[in-house]
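Residue-level structure breakdown
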Amino acid sequence: MSDHGFDGGNVLKTNESVIDDSNFGALYQSARIGNFSYQFENLPAGDYFVDLHFAEIINTNGPKGMRVFDVFIQEDKILSELDIYSLIGANKPLQLEDVRISLGPNDVIMIRFQGLNGSPIVSGICIREAPNLPVSLVKQRCPETENLSFENKDVRARNDARYQRKMEELQAQCERKTDECYQAWMSLTDMSKKLEEVTMELDNKSFQNNCLDQSMVLQAEKLKDVSTKYNREKKFWFEAINKIESKVKILKDEQSKLSRETHDCANLIPDLNKMVSAVQGLVAQCENLKLKCSKEQAERKKLYNQIQQTKGNIRVFCRSRPLSREEASAGYATVTDFDGAKDGDLGIVTSGFTKKTYRFDRVYMPKDNQDDVFADASPLVISVLDGYNVCIFAYGQTGTGKTFTMEGIENNRGVNYRTLELLFRMIEERKDAFTYNVSVNVLEVYNEQIRDLLVNSPASKKLEIRQDIGGINHVPGIVNAEVENIREVWNVLQAGSNARAVGSNNVNEHSSRSHCMICITVRARNSMNGECTKSKLWLVDLAGSERLAKTDVQGERRKEAQNINRSLSALGDVISALASKSSHIPYRNSKLTHLLQDSLGGEAKILMFVQISPLEQDLGETLSSLNFATRVRGVELGPAKKQIDFGEIQKLKLLLDKLKQESRTKDDALRKLEENFHALESQAKNKDQFCRNQQEKVNELESQLAMKADSCSQMDRQLTELSMKVRVGEDIRANLQQKVNQLEKKLIECEHVESNALQHKVKQLERTLKERTNEFEVHSVILQKKVKELEHKLERQGGGTTVSPMLRPKIQELQEKVSQRDRHLESSPELCASEQSRASTDERKDSSSITENEVNTGPGTQMLQPRKRPTGQGSILLKGNESLGQLRMKREFQNKGIENICLSNPSTEKKRSLATESNKGRHIDPTKAFARVTRTTKPFPGIQRSLSSRINREPVPMVKERESSTRVWLR
Ligand code: ADP
Ligand code: MG
């Protein structure tokens, strides 16, 4: 039947399956809960059986009394204070069956559930048509009533009273026994509870054991991990130790090698000392040599200067240019005679056969080249490097070869370039003994104005000659080009030459009207004695000396000519004054002489090239130039000297040759000494360097040794630390192993103690149960005896005429029923195990049967019909008017294996039950309906088996499972 016709309540569902109910399994997975009622209408008039199905599916873990409610059918309370959990527990079905209801036309079935504590719950309602009551049972009452009118009322009343008393006594005894049984059952329940507690405890212990097992497994895993880690680390550290050991070995080898090297070095020290002392000796020798060298240098310088002075501080070389190709082809007449040129004599054919002879320091023939010219000029370079001022200049008519002699042409360099080239070569040669700094100025004097040819801007300020504190002339603001080699010098000269060309229309013409002056300043420092010198070398290409007729020139040319004449005259005057050792030397009469002041006077050396033209047409200018040169040369020699006889000259020449020879020898000796000195110096330097290197090596080796020793000690420390760590790890492992062993021991001891305690408890319970069973059996035997005695007494009484004819059939009927029940029980093998229980149940059955008969005879009551329909073996039958106390008793009996035992509640006990059971919660409701409550749990063959099987019963794991899960959840 579908769920309809209700009022109130809610539907409740669960997934939990009901234990052991194959018939209505699905039915007990939903229920209606709350205060609700059902009303079934439109049923045809007749008798119906109503079955109610209950199952506790919410309150699965107790406790009892959480849900207590009444059940009403047709406003009659058929169940009072129903507590399903206390009766059967959770998830087990409780069936109230066969509540008989008679319906008239248009009557409805009203079923109502009312909660006393908690909400009522019902899983299903079944309404079936009831079979009609047998007519014989209805009619039985009629003869009894009729017979009663014919009996002797007194006798019957007496017998009835006696019988009533006996019955009451029996009833009282039965009640006592029932109470005793109830007490026994209660104690059994307590025991069961204790057993459950013990089971729970056992479960807890099992759980703890599991936990311990798990923890032990975890500990074992941890131990395994630790062990693996330990092994891994051990391996790693062993490898590291091996590496370190190999490193230490290498380091030790290196250390021994270094020690050997150190020893070798130490052995070398005496040799080194010897070398040092030798070097020191050499150094001392060097110092001596230096001193000697310095002296020799000074001597050489002095001698050289003496030679130069002997030659003359002012020397005049005469050079005639060759005829040009055109001149030669044109057949121009020449006036030069070079017959005495080797002796420095130059003849000039003046007119016809007249020949004038000029003597100079050197006369070059036209065929003499630039090399020949420079060979005589080159000794002055040494004088410059020795610290003397030198002035070389070319004087002569324009076009006679001044520029050719001084500058030369591209492939045939003149005195300027060659002088500087030799100068740098000598500097290079003397670099070990001297340090030189060379700077170059390039100037032009034109119209008595000085022009710097190295300055970048052409419109520079006017340059003036100043005298410094040392009395040396200088030109402030002039460009000093520092040069270090001939290439740089050449670049500077080129720059000056280019600058000279700028601003002039005719370069040759301009150059012949101005003096081109190159000043080489040499600063020397003697490395041996620290002596410093500063000397100047002037290389001057003078302006053309030709004299122009006053009428020929006007304006600028005239001014130029005047300035040139003045400057050249001034030059002649200065030289003349120098020669005559005049107190006043007129240097300042021209810019030319003023600039050349340092290099004309004092110990300065002067070299003049007088350039002449061989042509007859230039004879005048040639004679003028030669006269000027002769005047200059005559300064030194003087006309008087000229007149010295040749013997004296010869002597002087011999002396000069001797001096030259000595000078050459000394130069050679000096050179050798210098070479020796340099060789020794380099040796000493090498030794010093070697010593320093050895010392550095020793220091380096010592520092390496110290570092290696440090690293060795560090590695030793690491080794000891590692071994300590390994030892600690082993200790931890041993401790863990010990702990695991202790835990295992404890676990075994706990299990042993718990199993002993449980066995002991189980034995105690078994003993208690045995005692109770024995007591129960004794009581049952006594009851049986008493019943039999009563029966005997009744028989004795009935043997005469005292036994009521009405009681006899009843007794017989009872006996028949007892025998039937015995047979029935005997046919049920499961019930054979408990004879005593069956006996007592039979006894109760007898009494209840009587009551049933009496009740059933009443009008409006419903007939108790022992059910023959198949029910589950574990079902409990509960009549509609049974008390809950009896229900509990039935459940307890059922746990002992008693099945399908019906208890009837005598109607006569109604008041007493209400009075006594209401306080105990075992109230028997006054109801007309009879019902059977079935339970589907399987019966147990006997008490002993029940006890043992309770401990190991199948549902327990489920409960345990749930409990354990709950425990786990609670934890
Ligand atoms: P100056 O400078 O005195 O005016 P230059 O040096 O310009 O004279 O010479 C004029 C010309 O004569 C140039 O062409 C030059 O080459 C040439 N000359 C001068 N002297 C010689 C010489 N010794 N050998 C060959 N040619 C010469
Ligand atoms: Mg020139």
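Residues numbered from 1 in each chain as written. Chains lettered and ligands numbered in written order. Predicted model: local features only at pLDDT ≥ 70, side-chain atom pairs only at ≥ 80, totals over all residues. Heavy atoms only, no water.

**Digging into the overall build of the protein**
Helix and strand content of the protein: 22 helices and 28 strands. Of all intrachain contacts in the protein linking residues separated by at least 6 positions in sequence, the fraction that spans at least 24 positions is 76%. In the form shown here, the protein has an accessible surface area of approximately 53400 Å², with 51% of it arising from carbon and sulfur atoms. (Helix = DSSP H or I, 4+ residues; strand = E, 2+ residues; numbered from the N terminus. Contact = heavy atoms within 4.5 Å. Areas by Shrake-Rupley, 256 points an atom, 1.4 Å probe, with all protein chains shown as cover.)

**Structural notes on the confidence of the model for the protein**
Chain-level statistics for the protein give a pLDDT mean of 77 and a share of 75% at 70 or above. Low confidence marks residues 135–146, where pLDDT is under 50. Its contacts with residues over four positions away, or in another chain, come to two contacts. The low-confidence segment residues 890–971, where pLDDT is below 50, has 228 contacts with residues more than four positions distant or belonging to other chains. (pLDDT = per-residue confidence, 0-100.)

**A word on the sheet that holds strand E13 (residues 336–337)**
The antiparallel open sheet is built from three strands, whose spatial order is E13-E14-E15. Taken across any chain shown, the strands that pair with only one partner, and hence form the sheet edges, are E13 and strand E15 (354–359). Pairing of E13 with strand E14 (residues 345–351), which is carried by two bridges, proceeds in the antiparallel orientation. Along E14, the bridge assignment pairs Thr336 with Ile348. (Pairing = 2+ DSSP bridges.)

**A word on the site of ligand 1**
Residues in contact with ligand 1, as listed here, are Arg319, Arg321, Pro322, Gln397, Thr398, Gly399, Thr400, Gly401, Lys402, Thr403 and Phe404. In this structure, Thr400 approaches ligand 1 through a main-chain N or O atom, which is 3.2 Å from an oxygen atom. In the model, an oxygen atom of ligand 1 is placed 2.9 Å from a nitrogen or oxygen of the Lys402 side chain. In terms of residue class, the shell around ligand 1 is made up of two nonpolar, six polar and three charged. (Near = heavy atom within 4 Å. Polar contact = N/O pair within 3.5 Å; in protein donor to acceptor, adjacent residues only side chain to side chain. Nonpolar A, V, L, I, M, F, W, Y, C, P; charged D, E, K, R; others polar.)

**Examining the environment of Asp339**
Inspection of the secondary structure assignment puts Asp339 in the loop between E13 and E14. Taking C-alpha positions, Asp339 is 9.5 Å from Met365, a pair spaced 26 residues apart along the chain.

**A few points about the packing of aromatic side chains**
All told, the structure shown has 13 aromatic pairs when counted by the stated rule. Their ring planes at 35° and their centres at 4.7 Å tell us that Phe36 and Phe113 sit as a pair that is tilted. With Phe36 in strand E4 (residues 36–40) and Phe113 in strand E9 (residues 109–117), this residue pair connects regions lying 77 residues apart in the sequence. Look at Phe36 and you get buried, because its relative accessible area is 2%. With relative accessibility at 2%, the residue Phe113 sits in the buried group. Judged by centre distance (5.9 Å) and plane angle (85°), the rings of Phe317 and Tyr364 are edge-to-face. Of this pair, Phe317 sits in strand E12 (residues 314–320) while Tyr364 sits in strand E16 (residues 362–364), placing them 47 residues apart in sequence. (Phe/Tyr/Trp six-rings, centres within 6.5 Å; stacked < 30°, edge-to-face > 60°. Buried < 20%, exposed > 50% of the residue type's maximum accessible area, 1.4 Å probe, protein only.)

**Describing the packing of helix H6 (residues 370–377) against helix H9 (residues 415–429)**
Contact pair H6 / H9: the axes reach a minimum separation of 10 Å and the direction vectors enclose 50°. Here H6 lies oblique to H9, going by the angle between them. The chirality of how H6 crosses H9 is right-handed. The residues of H9 that touch H6, namely those facing Gln370, Asp371, Val373 and Phe374, are Val415, Arg418, Thr419 and Leu422. Across the contact of H6 with H9, the residue classes break down as four nonpolar, two polar and two charged. (Axes fitted to C-alpha atoms, helices over the stretch in contact; angles between N-to-C directions. Parallel < 35°, antiparallel > 145°, perpendicular 65-115°, else oblique. Left-handed = near helix turned anticlockwise from the far one by under 90°.)

**Details of the pattern of salt bridges**
Taken as a whole and assessed by the stated rule, the structure comprises 24 salt bridges. In this structure, Glu327 engages Arg321 in a salt bridge whose closest nitrogen and oxygen atoms are separated by 2.8 Å. According to the relative accessible area criterion, Glu327 is buried, its value standing at 12%. (Salt bridge = Lys/Arg side-chain N within 4 Å of Asp/Glu carboxyl O.)

**Describing the sheet that holds strand E2 (residues 10–13)**
Strand order in the open sheet formed by three strands is E2-E3-E10, with antiparallel pairing between adjacent strands. The sheet terminates laterally at E2 and strand E10 (121–122), the two strands that pair on one side only. Two strands pair when backbone bridges link them, and E2 and strand E3 (residues 30–33) are joined in this way by four bridges, in the antiparallel orientation. Note that in E3 the partner of Val11 across the bridge is Arg32.

**Examining the state of the cysteines**
Applying the stated criterion to the full structure yields zero disulfides. Lacking any disulfide linkage, Cys391 is separated from the closest cysteine sulfur, that of Cys519, by 9.7 Å. The exposure class assigned to Cys391 is buried, which follows from its relative accessible area of 0%. (Disulfide = S-S within 2.5 Å.)

**Remarks on the pairing of E9**
Relative to E9, E4 runs antiparallel, the two sharing five bridges. Directly across from Gln39, in E9, lies its bridge partner Met110. Two elements, strand E6 (residues 68–73) and E9, share six bridges in a ladder whose sense is antiparallel. Paired with Val68 across the strands is Asn117, a residue of E9.

**Quick notes on the environment of Ile392**
Looking at where Ile392 falls in the secondary structure, it is placed in strand E17 (residues 390–396). The sequence separation of Ile392 and Arg315 amounts to 77 residues, and the corresponding C-alpha distance is 9.5 Å. Setting aside residues no more than four positions away along its own chain, Ile392 makes contact with Leu380, Met406, Val415, Leu537, Trp538, Leu539, Val540, Leu607 and Phe609.

**A word on unusual backbone geometry**
In this structure, Gln74 takes a positive phi of about 55° despite not being glycine. One can find Gln74 in the loop between E6 and strand E7 (76–82). In this structure Gln74 comes out as partly exposed when scored by relative accessible area, which is 27%. With phi around 65°, Glu75 is a residue other than glycine that occupies positive phi space.

**Considering the pairing of E7**
As paired strands, E6 and E7 are joined by four bridges and run antiparallel to one another. The residue of E7 that forms the bridge with Phe72 is Lys77. Once E6 ends, the chain turns through two residues before running back antiparallel as E7, passing Gln74 with a positive phi of about 55°.

**Brief notes about the side chain of Ser37**
Tracing the backbone shows Ser37 in strand E4. Discounting chain neighbours no more than four positions away, the residues touching Ser37 are Gly5, Phe6, Asp7, Ile111 and Arg112.

**Things to note about the UniProt feature "binding site: ATP" (unreviewed entry) in the protein**
In this structure's numbering, the residues bearing the UniProt feature "binding site: ATP" (unreviewed entry) are Gly396, Gln397, Thr398, Gly399, Thr400, Gly401, Lys402 and Thr403. Topologically, Gly396 is positioned in strand E17. The contacts of Gly396, once residues within four sequence positions are left out, are Lys402, Ala543, Gly544, Ser545, Glu546, Gln611 and Ser625. Relative accessible area serves as the criterion here: at 6%, Lys402 is assigned to the buried category. The contacts of Lys402, once residues within four sequence positions are left out, are Ala394, Tyr395, Gly396, Gln397, Asp541, Leu542, Ala543, Gly544 and Gln611. (UniProt positions renumbered as here; feature names shortened; annotations may be inferred.)

**Concerning the side chain of Ser590**
Among the secondary structure elements, Ser590 is positioned in the loop between helix H12 (555–579) and helix H13 (591–595). For Ser590, the side chain forms a polar contact with the side chain of Thr593, separated by 2.9 Å. If sequence neighbours within four positions are ignored, Ser590 has contacts with Glu448, Ser567 and Ala570.

**Quick word on H6**
For an α-helix, the turn length of 3.6 residues means that residues three or four places apart are oriented alike. Looking only at H6, the buried set comprises Gln370, Val373, Phe374 and Ala377. Along the long axis of H6, the arc covered by the buried residues comes to 90°, so they all point the same way. The residue sitting at the N-terminus of H6 and contributing the capping side-chain oxygen is Asn369; that oxygen lies 3.2 Å from the backbone nitrogen of Asp371. (Arc of directions from axis to C-beta.)

**A look at the environment of Tyr230**
For Tyr230, the position within the fold is in helix H4 (residues 153–311). Given the relative accessible area of 11%, Tyr230 is considered buried. Counting along the chain gives 500 residues from Tyr230 to Glu730, while the straight-line C-alpha distance between them is 8.4 Å.

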